[in-house]
Every structure is written in structure tokens, then in C-alpha cells.
Amino acid sequence: MTRFVTDYVVVGSGIAGLTTALSLGESGRVIVLTKSREQESNSYRAQGGIAAAIGKDDSPELHRQDTLRTGVELCNPQSVAVMVEMAPQTIQLLSGWGTPFDQEGTHFALGREGSHSVSRILHVRGDSTGAGITASLLKQVQAHDQIELMTHTMVADLIVHEGACRGVIALDYDHEPIAYFARKGVVLATGGCGQVYRYTTNDLVTTGDGFAMAYRAGVKLMDMEFVQFHPTALAIEQNPMFLVSEAVRGEGAYLVNDRGEAFMERYHSWKDLAPRDVVSRAIYTEMQAGRSVFLDARALGDRFEKRFPKICRHARNHGIDPETNLIPVTPAAHFIMGGIQTDLHGQTSLPRLFACGEVACTGVHGANRLASNSLLEGAVFAQRVAKKLSSLADQSLAEMPDFSISALCNDKQSQEKLKQSIRQIMWDYAGIVRTAEGLSKGLSLLENVAEQVEDGMFETKNMLMTAQIIMKAALMREESRGGHYRRDFPETRLEWSNKHLVI
Ligand SMILES: Cc1cc2nc3c(=O)[nH]c(=O)nc-3n(C[C@H](O)[C@H](O)[C@H](O)COP(=O)(O)OP(=O)(O)OC[C@H]3O[C@@H](n4cnc5c(N)ncnc54)[C@H](O)[C@@H]3O)c2cc1C
């Protein structure tokens, strides 16, 4: 097997991976591995924005309170404090790297989203925030002489030797295995796992690889039962589903059912800007009663196109004009609050393995993520990972044994079929509303799928493993909290407060 030795290996080219690479860049050689094109990530897809307390009427303390309240007594208060305190300087950093945040006069323009008590969401070209940030980071990375970005390189497993992570094994563009060894350490920034659900807003690359690789290496995962379903994906079946950002409701649009009822007032006092889990369940309930659900943004008039040009263009391409038509919407899997357990510097339970971004669980989101906090989390903790990692002494890479992996399975059709089965099972039994009976059935159906998964089906195997972890955790948590709702245990139970399932 071909071998490369470098100082740092970073897996993933979303906001977390790119910010890590740039923050490390002067301290050694960085190789960034990414499994598809460099822009293929959830970061690139992010629309609404990135949160930071920079407004006149705002403070990190208010941002902290909103984050903790949304996380329903499961956030790690220390990580939340770190994130909100570092938010304003992180915006300056991103801006310095060329992110063209929208301005109002001489100040950054600030929007409002659900569960935020004030306007604190920065955005780029209205609803292209992720693309704006990622493009500027990629430009910096490509110009940096210490960073090498390898696209179409899928990391298949971690190299663990004598109790530490020494590198990764990846499959290159031609599916040839290559071992990348890291003198300082490896950073997983592989994002989430939305693709394990039939309906998702997540990019095709989000197959849970990071969770599965970590789990196989015995690394601890935490809070995996907490999945956020975004209330308003455009109700046109696509993979991924197109997101109609929450910022649209922030600007005054509201949900109606096919009887014309603005039904959110029946479900929560904050109506359309209630927490995402509440809005998703409300829509689910309406749909279970046989009603279709729409966003009514007509009152925004031509402001819609100006503020949300990308959403407007996409809707019009499907024959829906938001200025005159109701927009059909449906909930879809969007974000996972849990992940690889890390400390405040991204250190995982395995020496020399770090994680940041959606794949990590720093504890900032608790049971539910506050809108626009995940781009922020990725950028903040990436800087901390870089600082810690660069302070470590080189590890010995002498006398590494030979490592091998199975050959990639080329039977695309069988893999696609198995992936679709996993996605449907997860949607049916580990979705917006869960029960012990459904989760147990889901687990046994996943066992049937497992019997058909072969060694070289890397992505399918990772999806299956991640799906099983989510299901098991969801079955264990006998209460409802944030993104995890159990119909058989509908109450939030005191004995589960601040209690984490670590797998
Ligand atoms: C449609 C949409 C809109 C969103 N809007 C917002 C928003 O407005 N504000 C906000 O804060 N959050 C938003 N989010 C959530 C946010 O975008 C993500 O949580 C965040 O971008 C995750 O960043 P990341 O760097 O951790 O992962 P990603 O950006 O998902 O990047 C993961 C990277 O890892 C690579 N990768 C994965 N597996 C492997 C492997 N095995 N080998 C090599 N490479 C691999 C992928 O190719 C990709 O480059 C949105 C999400 C979606 C889907």
C-alpha cells in the first residue's frame, strides 16, 4: 500500500475541516482529504446564516441563554460559554479570510431565526451563507503552500496502533488504498449523517462515515439519539430535499394547512418561531390528520426575492412563485446533535484523534440545536483543535505494521438497494415520533439488512452502523427531550436531565 507521512491529516472539506486546516497551516504540513468534490458538504448548502452576538441589543450572555434553553438541560455549559464568547472574533476571522457577509450601511446585517431572542444571524447573499463562507475558505486553502487538498479520496478507516491514532487509510480516485500517517494527529471533520434518513436536507456525502470509523476504533460517541428534523423542506421528493430556511419565517412567513388555518398558534406560544422539534411535530400531526402544509410568504411580496434569491429561484423552477403561491413544505432529517464525544479542544477518547463540526459532540447543542449555531460551532472548535494539536510533540511513526482493507465493492445496484432500505427503516421507526415497539422493530429490520452488507461496501456499512447506534440510543432514552420524541414517554423526565448516553 502506498504510504504518505505528514504532520496533520484533516478529513472533510466543510467549515470545520477547512477552518482547522487554515488555523494549523503555519505550524506544519496539512493534508485535507475529502471524499467528493471540495464543495460537496453540508457547509456549502447552509442557507440561513451563522449566529454571533454582535448587535447593539445583544450579548454573549443572551446568546448563551438562548442556546442553553433550546438544548433542554443537556448542553455542556462550558462548551456553550466557549462558543458564544468566541463567536464575534470568529466572524472577524471569517470576514478576514474573505467571507462577504451582507451589510446594512457600515454594519453587518443581522437576521432573526427561531428561538433566538434577538436578531443575531449573519448571512451572505441573503440565503447563500454556506456557499459564501466555504468558497472563501477554499480560496485560502488553495493558495496556502502548507495545505494540500485531495478530492475524491474517501477515508475508509482510522489507523490505530499501540493505543493512539496514527493516521487513516483512504481510497483514492482510482479506489486504490493509501495510508496517510500523521506525526501530530488526525482530525475528523466528516459532518453528519442525514443520508441515513429517507427524507433529508443533507448532502449525499453525509453517510455517517466519521461516526462509524470512530465506533469501530472503540472511540466514544454521545447523545446519538438526538436528531433534528427541519420543519420546512420543500415538499418535492428529491435527495437531498431542498431547504426553505427558517429565516423565511423569521422575516414573517407563517405555516398554514390546506384549510387555511395558521395552525402553529394551537401548538406553541411562539407560533412559527417555536423550537424546530415543536414545529416539526406540529406539521407531522397535521399531516397524520391528512392535511397538507404550506408556508405562506406572500405578504413578503418582492422582498422575498431580494432576501432569499436562491430559495426563490429554486421554487420558481418547480412552478411555485413565493410571491403569489403557497410553498408546500414537509419536515426532513437535518442535523445530528450527538457525535464523537470531545473535550473543549476537540480531543476524543482516543489519543491523537480529534473531531470538530457536526461529527463531534462538544455538548453545545444538548438535545436540540439553536438555528445557525452549527456553522459557528464548526468554526469555533476547529480553531481550538488546531491550537491544541499544534502544541503536541511529534508521535513516533517508526515500525508501523502493514495495514490492509477490503477491496471496494463495485456492485452499485445492490448497495443502492440496501441504502434505500436503511433510509426507509430509519424514517419509519427512528423519525420525528418514536416508540419502543417501532424502534425494536427497526433494529430487527436493520439486522436483516446487516446480513446482506458485504465487506467492501464502505458507505453502506457506515450508514448501517450509524443507523443502529441512533436506534439503540433512541430506544434507551425513555423520555422526550428536544429532538428526541417518544410517544410512549411523552414527558421530559427530571431523572434524564444532564444524563448522556455514551456508546
Ligand atoms: C440545507 C442545509 C442548510 C443548513 N443551514 C444552516 C445554517 O444556515 N446555519 C447553520 O449554522 N447550519 C446550517 N446547517 C447545518 C450546517 O450546515 C452543518 O452542520 C455544518 O455545515 C457541518 O459542517 P462540517 O464541516 O462539520 O461538515 P460538512 O460541511 O458536512 O463537511 C463534511 C465533509 O466531510 C467529507 N467526508 C465525509 N465522509 C468522508 C470520508 N469518509 N472521507 C473523506 N471525506 C469525508 C465530506 O465530503 C465533506 O467535505 C444546514 C445544513 C443543511 C443540510
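Keep in mind the model is a prediction, meaning the values are calculated, not measured.

**A look at the site of the ligand**
Right, so step 1: Every one of the 39 residues lining the ligand counts as a neighbour, but Ser43, Gly49, Asp209, Glu358 and Ser374 are closest to it.
Right, so step 2: Ala189 is positioned with one of its backbone polar atoms (N or O) 3.4 Å from an oxygen atom of the ligand.
Right, so step 3: Interatomic distance of 2.9 Å between a backbone N/O atom of Leu375 and an oxygen atom of the ligand.
Right, so step 4: When the ligand sits alone it has 1,000 Å² of accessible area, and the protein chains cover 98% of it.
Right, so step 5: When grouped by side-chain class, the residues that make up the shell around the ligand number 13 nonpolar, 20 polar and 6 charged.

**A short note on the UniProt feature "domain: FAD-dependent oxidoreductase 2 FAD-binding" (unreviewed entry) in the protein chain**
Right, so step 1: In this numbering, the UniProt entry assigns the feature "domain: FAD-dependent oxidoreductase 2 FAD-binding" (unreviewed entry) to residues 7-375.
Right, so step 2: Its end C-alpha atoms 26 Å apart, residues 7-375 is made of 28% helix and 23% strand.

**So, the domain arrangement of the protein chain**
By convention, interface size is frequently given as the accessible area that disappears when the constituent parts associate.
Right, so step 1: Annotation of the protein chain at the domain level lists domain 1 (2-226 + 337-390), domain 2 (232-332) and domain 3 (412-496).
Right, so step 2: A straight line from the C-alpha centre of domain 1 to that of domain 2 covers 28 Å.
Right, so step 3: Between domain 1 and domain 2, a total of about 2,000 Å² is buried, with carbon and sulfur atoms accounting for 48% of that surface.
Right, so step 4: Linking domain 1 with domain 2 are 1 salt bridge, by the criterion used here.
Right, so step 5: Here Glu237 ties to Arg198 by a salt bridge, and the two come within 2.6 Å at their closest N and O atoms.
Right, so step 6: Taken together, domain 1 and domain 2 are joined by 10 residue pairs in polar contact (both at pLDDT 80 or more).
Right, so step 7: Classifying every residue of the side of domain 1 that touches domain 2 gives 3 nonpolar, 12 polar and 9 charged.

**Concerning unusual backbone geometry**
Right, so step 1: The linkage connecting Asn239 with the following residue, Pro240, adopts the cis geometry, with an omega of -5°.
Right, so step 2: Note on placement: Pro240 falls in the loop between strand E12 (227-234) and helix H7 (246-250).
Right, so step 3: Although it is not a glycine, Glu73 sits at a positive phi angle of roughly 55°.
Right, so step 4: Inspection of the secondary structure puts Glu73 in the loop between helix H3 (60-70) and helix H4 (77-96).
Right, so step 5: One non-glycine residue, Glu162, lies in the positive phi region at around 45°.
Right, so step 6: Among the secondary structure elements, Glu162 is positioned in the loop between strand E8 (154-161) and strand E9 (164-171).
Right, so step 7: Looking at Glu162, the relative accessible area reads 69%, which means it is exposed.

Conventions we followed
Residues numbered from 1 in each chain as written. Predicted model: local features only at pLDDT ≥ 70, side-chain atom pairs only at ≥ 80, totals over all residues. Heavy atoms only, no water. Near = heavy atom within 4 Å. Polar contact = N/O pair within 3.5 Å; in protein donor to acceptor, adjacent residues only side chain to side chain. Areas by Shrake-Rupley, 256 points an atom, 1.4 Å probe, with all protein chains shown as cover. Nonpolar A, V, L, I, M, F, W, Y, C, P; charged D, E, K, R; others polar. UniProt positions renumbered as here; feature names shortened; annotations may be inferred. Helix = DSSP H or I, 4+ residues; strand = E, 2+ residues; numbered from the N terminus. Domains from an automatic or database assignment. Buried area = accessible area lost by both parts, 1.4 Å probe. Salt bridge = Lys/Arg side-chain N within 4 Å of Asp/Glu carboxyl O. Buried < 20%, exposed > 50% of the residue type's maximum accessible area, 1.4 Å probe, protein only.

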